[in-house]
Amino acid sequence: MKDIGIDLGTANVVIYLKGKGIILNEPSVVAIDTDSHRVLAVGKEANEMLGRTPGKVKAIRPMKDGVIADFEVTEEMLSHFLKKAMGKMILKPRILICCPSNITQVEKNAIREAAERIGARKIFLEEEPKVAAVGAGLDISKPSGNMVIDIGGGTTDIAILSLGGIVTSDSIRIAGDAFDNDINKFMKEKYKLLIGERTSEEIKKEIGCVYKNMKKEKMEVKGRDMITGLPKTVTVTSQEIEEALHDDVMEIIRATKAVLEKTPPELSADIVDKGIILTGGGALIEGFPQLFQEQLKVPVFIADSPLTCVAEGTGILLENIELIDR
Ligand code: ADP
Ligand code: MG
């Protein structure tokens, strides 16, 4: 029996095949011909086109803000990935889809319909923080509090779980994409340098840092001078990136404090003991554990594989289908 788990993320889609592991991991990007509305490329191939497309080709991220901005494109993307991952083996699978926690009922139905059209025999939808917690190795079935913060592309999901469910949570639209924008804005303001989306992301990954004086690296950045219009290279430091990200990072801290303030005291006590787990690609920016620990006074850990933790979680839940098939 082919059971499939899908992490339908705002930045990446990861597909898990039960008994086999992760079989696909690609950016959630689709390139479209704006005249005919035809899909030209999906995933990695489409990602290469971001910011480099000629007039009538547009590369879009249909799940960008943690919600389905474009349902039809999301469906095409999902079906493309499933076909690619499964080939002809795809025989009425059971599919567990993991979706952002703030999506509406309408969006949930849309995801469900898309999976049905692809030929799923049975569809389970689970909220991302729960699956991320399972994937990070937490046992959420006990009456004890666990806290997970997933810093993805479009959203940061903050959740406290107990007895298999979400007790308190929040989802804010500040995560990896916002950090990229911060860097972009910083380069414009400080160096009058225009850089593309992908360059901002590279800077973040290479020298990004969210904790003061922790990382002392430099990077040469190429872009277009806003004044002369010509190509230009400048050197930026981790310190500067830390400053650029500071306000948004503090928003995440504020949202986390607000979730903790709404948490029943018994569960807060558990979190003091067990700490907080960070997942999602954004958690890979250096300094997040140190910053959270300093601000919240509780231990903070990063999941072993922040980018694939949710997909691994779908695998664990599929092995224990009774946990989701109620
Ligand atoms: P989603 O679940 O929303 O698809 P992911 O968990 O896949 O998001 O994380 C994607 C985000 O993580 C992107 O913003 C990406 O730039 C960021 N990211 C990935 N790797 C790193 C890294 N090494 N350092 C910093 N950020 C990273
Ligand atoms: Mg995610």
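Please read all numbers here as calculations on a predicted model, not as lab measurements.

Calculation notes
- Residues numbered from 1 in each chain as written.
- Chains lettered and ligands numbered in written order.
- Predicted model: local features only at pLDDT ≥ 70, side-chain atom pairs only at ≥ 80, totals over all residues.
- Heavy atoms only, no water.
- Helix = DSSP H or I, 4+ residues; strand = E, 2+ residues; numbered from the N terminus.
- Rg over C-alpha atoms; globule rule 2.2 N^0.38 Å.
- Buried < 20%, exposed > 50% of the residue type's maximum accessible area, 1.4 Å probe, protein only.
- Contact = heavy atoms within 4.5 Å.
- Lys, Arg positive; Asp, Glu negative; His and termini not counted.
- Charge placed at Lys NZ, Arg CZ, Asp CG, Glu CD.
- Near = heavy atom within 4 Å.
- Polar contact = N/O pair within 3.5 Å; in protein donor to acceptor, adjacent residues only side chain to side chain.
- Areas by Shrake-Rupley, 256 points an atom, 1.4 Å probe, with all protein chains shown as cover.
- Core = buried A, V, L, I, M, F, W, Y, C linked by side-chain atoms within 4.5 Å.

(A) Structural detail: the overall build of the chain. Helix and strand counts for the chain stand at 10 helices and 16 strands. Relative to a compact globule of 326 residues, whose C-alpha radius of gyration would be 20 Å, the chain shows 20 Å and is just as compact. For the chain, the C-alpha atoms occupy an extent of roughly 60 × 55 × 30 Å along the three principal directions. Counting the 326 residues in the chain, one finds 53% classified as buried. Considering only residue pairs separated by 6 or more positions, the chain has 62% of its internal contacts joining residues 24 or more positions apart. Seen as two clouds, the 43 positive and the 50 negative side-chain charges of the chain have centres 3 Å apart.

(B) Focus on the site of ligand 1. Near ligand 1 lie 17 residues; those nearest to it are T10, A11, N12, E201 and K204. At a separation of 2.9 Å, an oxygen atom of ligand 1 approaches a polar backbone atom of G153. Measuring from an oxygen atom of ligand 1, one finds a backbone N or O atom of G282 at 3.3 Å. With the chains in place, 90% of the 580 Å² that ligand 1 exposes on its own is no longer accessible. For the shell around ligand 1, the element with the highest residue contribution is helix α6 (residues 197–207), accounting for 3 residues.

(C) View of the nonpolar core. The biggest cluster of nonpolar side chains holds 43 residues, and the ones touching the most others in it are F179, M187, I203, V221, I276, F288 and F292. When residues in this core are grouped by element, the largest group, 9 residues, is from helix α7 (residues 238–261). Sequence-distant contacts of I276, that is, excluding residues within four places in its chain, are made with M147, I149, I271, L296, V298, P299, V300 and F301. Counting 30 residues, the second largest nonpolar core, distinct from the first, contains I6, L17, C99 and A120.

Such coordinate-based values are descriptive only and should not be taken to indicate function.
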